[in-house]
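Chain by chain, the residues run as shown.
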Amino acid sequence: MQLAEYIDSKRQEHLNELLEFLSIPSVSTKSEHKADIQRAAEWVANALQRAGMQRVEIVPTSGHPVVFAEWTGAPGKPTILLYGHYDVQPAEPLEQWTSPPFQGTIRNGNLYGRGTADDKGQVHIHLKALEALMKHEGRLPVNVKVMIEGEEEVGSTNLWNFVEQFRDRLQADALVVSDTSMLAKGVPSVTYGLRGLNYYQIEITGPAQDLHSGVFGGPAPNPLRILCELFAKLHDKNNRVAIPGFYRDVAPLSPKERKALNALPWNKKEFLKTVGAKGPGYVPEQGYSIIEQLWCRPTLELNGIWGGYTGEGAKTVIPSKAWAKFSTRLVPNQDPEKIARLVEKHIRKLLPKTVTCKFQVLSMGKPWVAPFDHPFFQAAQRALERGFGKKAVFIREGGSIPFVTQMYDTFRVPCILIGFGLPDENAHAPDEHLNLENYFGGIKSIAFFYQELGQLKANGSKRK
Ligand code: BES
Ligand code: MN
Ligand code: MN
């Protein structure tokens, strides 16, 4: 039996196993799920063990544990570090799910459930590809190290320590990640750029306590109103971020890259349909196509705002405090620390003296863009073509994966991001799903990818 045939014969088994993984509500942001996080880490460790990986370890951090394993029985062959995350976003609002979020359900060729696309389903693709190679061939074609973390969805804040501590064990010739998307259905894609992310929270305090809005309204400063005024001032009428210096370090796109990105088989209608609003929103940023805005331009977005009375009926109150969560997506060569300073400085400058402001940076992450001319990328292209019958394209994306930048900056190795999600699969939202064709095609493609890499030397040159 050929490898591809072998993998296909295991479809039902693979699916059942993924359903088990999905049933663990490993929500990293909520402390009530601490035990589930531990269970998910153990589940991954067991799956690695079953796949025949060695030195499987669950390494505690000051946050959630990292699962690590390796198989180094292919001397002279490339060494790959596989990265992914077993943590997921909260499932709320629960009532908006068609089927329960932690009970994987198949509908119309898609598998629905929290973590299907981001990132348990994609991690599982790799676990099963490794296992198939090991069982079918008796060995792996390359050396593989596996690192699956549990804090990606909260900014990978404890990962830096881990990388420092495990520096030697993380050493590899390439990083491989499946935590991104394909450009569109039927278009296998390799991602060579991500935006960075800084996440902030502010607390504005006006009156020392809540006040009767009739007795005090007018002269008393209302922190909610001040917060709204503040956010209204953070963009200009051309949809640009109105923070002095915000764009100063943004690297311009080369004409060549710009042409390549805008020539991709990307469909504006599909995009607008997925957005689902009545129009694209705002004026387009002058001189930038939607794809350029999504992948190559920085943004500032308000992610949540609260305060005052939000319960049933009316309550006439001037709240003492108001809060907001917001974030900036960053592109090369913006520096997260510098941007955080600019943002704080400008906000403090805009706020009236009648309120105080607590400013917090919850996480910071650098943008990442890297060349894709290393032979490993062509190996990925060949593998994807074998798995999906179509030539893969090279894309950038607007999302962020802090570890990719960290790894690239630390080791300067090729980072090969092969995503099997789709942009309309509701990652982070209700009814998250993963297309089953992409899941099954993904397992084969990744197995082929490792085989292709096995044809190369550690530095990427052809073996004689
Ligand atoms: N898998 C995503 C990142 C992603 C999504 C990359 C789509 C490319 C396309 C990841 O799990 C994620 O959601 N990252 C967060 C950042 C993190 C610091 C919370 C993000 O992008 O908001
Ligand atoms: Mn992810
Ligand atoms: Mn995510």
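Novice: Just to check I follow, could you spell out the packing of aromatic side chains for this structure?
Specialist: The way to describe two aromatic rings as a pair is by their centre distance and the angle between their planes. Applying the stated criterion across every chain, the model contains 18 aromatic pairs. Taking 6.0 Å as the distance between ring centres and 50 degrees as the angle between the ring planes, the aromatic pair formed by F68 and F166 counts as tilted. Placement of the pair is F68 in strand β2 (residues 66-71) and F166 in the loop between α5 (159-165) and α6 (167-170), with a sequence separation of 98 residues. Note on F68: relative accessible area 0%, which makes it buried. By relative accessible area, F166 is classed as buried at 11%. With 6.3 Å between their ring centres and 75 degrees between their planes, W368 and Y408 make a pair best called edge-to-face. Of the two residues, W368 is situated in strand β15 (residues 368-369) and Y408 in helix α14 (residues 402-411); the sequence distance between them amounts to 40 residues. Each residue in the set Y192, F372, F377 and F394 is aromatic and connected to the rest through ring pairs, giving one cluster.

Novice: What am I meant to see in the site of ligand 1 here?
Specialist: Around ligand 1 lies a shell of 16 residues, among which E152, D179, R329, S400 and H428 are the nearest. Contacts to ligand 1 include H85, whose side-chain N or O atom sits 3.2 Å from an oxygen atom. With respect to ligand 1, the side chain of H428 contributes an N or O atom lying 2.8 Å from an oxygen atom. Within the complex, the protein chains bury 84% of what would otherwise be the 510 Å² of accessible surface of ligand 1. Tallied by class, residues from the shell around ligand 1 come to 4 nonpolar, 6 polar and 6 charged.

Novice: Whenever I open this one, the pairing of strand β13 (residues 321-330) confuses me. Can you help?
Specialist: In regular strands, side chains alternate between the two faces of the sheet. Pairing between strand β9 (residues 196-205) and β13: 10 bridges, direction antiparallel. Across the sheet, I202 pairs through a bridge with A324, a residue of β13. With 8 bridges joining them, strand β11 (residues 299-307) and β13 adopt antiparallel strand pairing. Bridge assignment links T299 to a residue of β13, and that residue is R329.

Novice: Any chance you could explain the domain arrangement of the chain here in plain terms?
Specialist: Quoted interface sizes are often the accessible area lost when the parts come together. On domain assignment, one finds that the chain holds domain 1 (3-194 + 368-453) and domain 2 (196-250 + 298-363). Each of domain 1 and domain 2 was reduced to a C-alpha centroid, and the two centroids are 36 Å apart. Across the boundary between the two partners, domain 1 contributes 8 residues, which contact 6 residues of domain 2. Together domain 1 and domain 2 conceal approximately 410 Å² of surface at their shared face, both sides included; 51% is due to carbon and sulfur atoms. For the interface between domain 1 and domain 2, the tally reads 1 residue pair in polar contact (both at pLDDT 80 or more). Across the side of domain 1 that touches domain 2, the residue classes break down as 2 nonpolar, 5 polar and 1 charged.

Novice: So what exactly am I meant to see when it comes to the coordination of the manganese ion (ligand 3) here?
Specialist: A four-donor tetrahedral metal ideally has 109.5 degree angles, and a six-donor octahedral metal ideally has angles of 90 or 180 degrees. At the metal site, the manganese ion (ligand 3) is ligated by D118 (OD), E153 (OE), E153 (OE) and H428 (NE2), and these contacts range over 2.1 to 2.5 Å. Coordination geometry of the manganese ion (ligand 3): the 6 donor atoms subtend angles of 56 to 157 degrees at the metal centre, consistent with an arrangement described as irregular. Between consecutive donors of the manganese ion (ligand 3), the numbers of intervening residues give the motif D-x34-E-x274-H.

Novice: Just checking my understanding: could you explain the coordination of the manganese ion (ligand 2) for this structure?
Specialist: Bound to the manganese ion (ligand 2) on the protein side are H85 (NE2), D118 (OD), D179 (OD) and D179 (OD), at distances that span 2.0 to 2.5 Å. Given 6 donor atoms and angles of 56 to 164 degrees at the metal, the environment of the manganese ion (ligand 2) is assigned as irregular. Of note, the donors binding the manganese ion (ligand 2) are all from one chain and are spaced H-x32-D-x60-D. The metal-metal distance between the manganese ion (ligand 2) and the manganese ion (ligand 3) is 3.6 Å, with D118 coordinating both. Taken together, the positions of H85 in strand β3 (residues 79-85) and D118 in the loop between β5 (110-112) and α4 (120-137) put the pair 33 residues apart, joining distant regions of the chain. We note that H85, like D118, is buried.

Novice: I would appreciate a short explanation of the side chain of E452 in the present structure.
Specialist: Structurally, E452 is set in helix α15 (residues 436-454). Within the structure, E452 has its side chain in polar contact with the side chain of R382 (distance 2.8 Å). Setting aside residues no more than four positions away along its own chain, E452 makes contact with A379, R382, A383 and R386.

Parameters at a glance
- Residues numbered from 1 in each chain as written.
- Chains lettered and ligands numbered in written order.
- Predicted model: local features only at pLDDT ≥ 70, side-chain atom pairs only at ≥ 80, totals over all residues.
- Heavy atoms only, no water.
- Phe/Tyr/Trp six-rings, centres within 6.5 Å; stacked < 30°, edge-to-face > 60°.
- Helix = DSSP H or I, 4+ residues; strand = E, 2+ residues; numbered from the N terminus.
- Buried < 20%, exposed > 50% of the residue type's maximum accessible area, 1.4 Å probe, protein only.
- Near = heavy atom within 4 Å.
- Polar contact = N/O pair within 3.5 Å; in protein donor to acceptor, adjacent residues only side chain to side chain.
- Areas by Shrake-Rupley, 256 points an atom, 1.4 Å probe, with all protein chains shown as cover.
- Nonpolar A, V, L, I, M, F, W, Y, C, P; charged D, E, K, R; others polar.
- Pairing = 2+ DSSP bridges.
- Domains from an automatic or database assignment.
- Contact = heavy atoms within 4.5 Å.
- Buried area = accessible area lost by both parts, 1.4 Å probe.
- Donors = N, O, S within 2.8 Å, 3.2 Å for Na, K, Ca; no water.
- Tetrahedral: all angles 85-135°; square planar, octahedral: opposite > 155°, others 65-115°.

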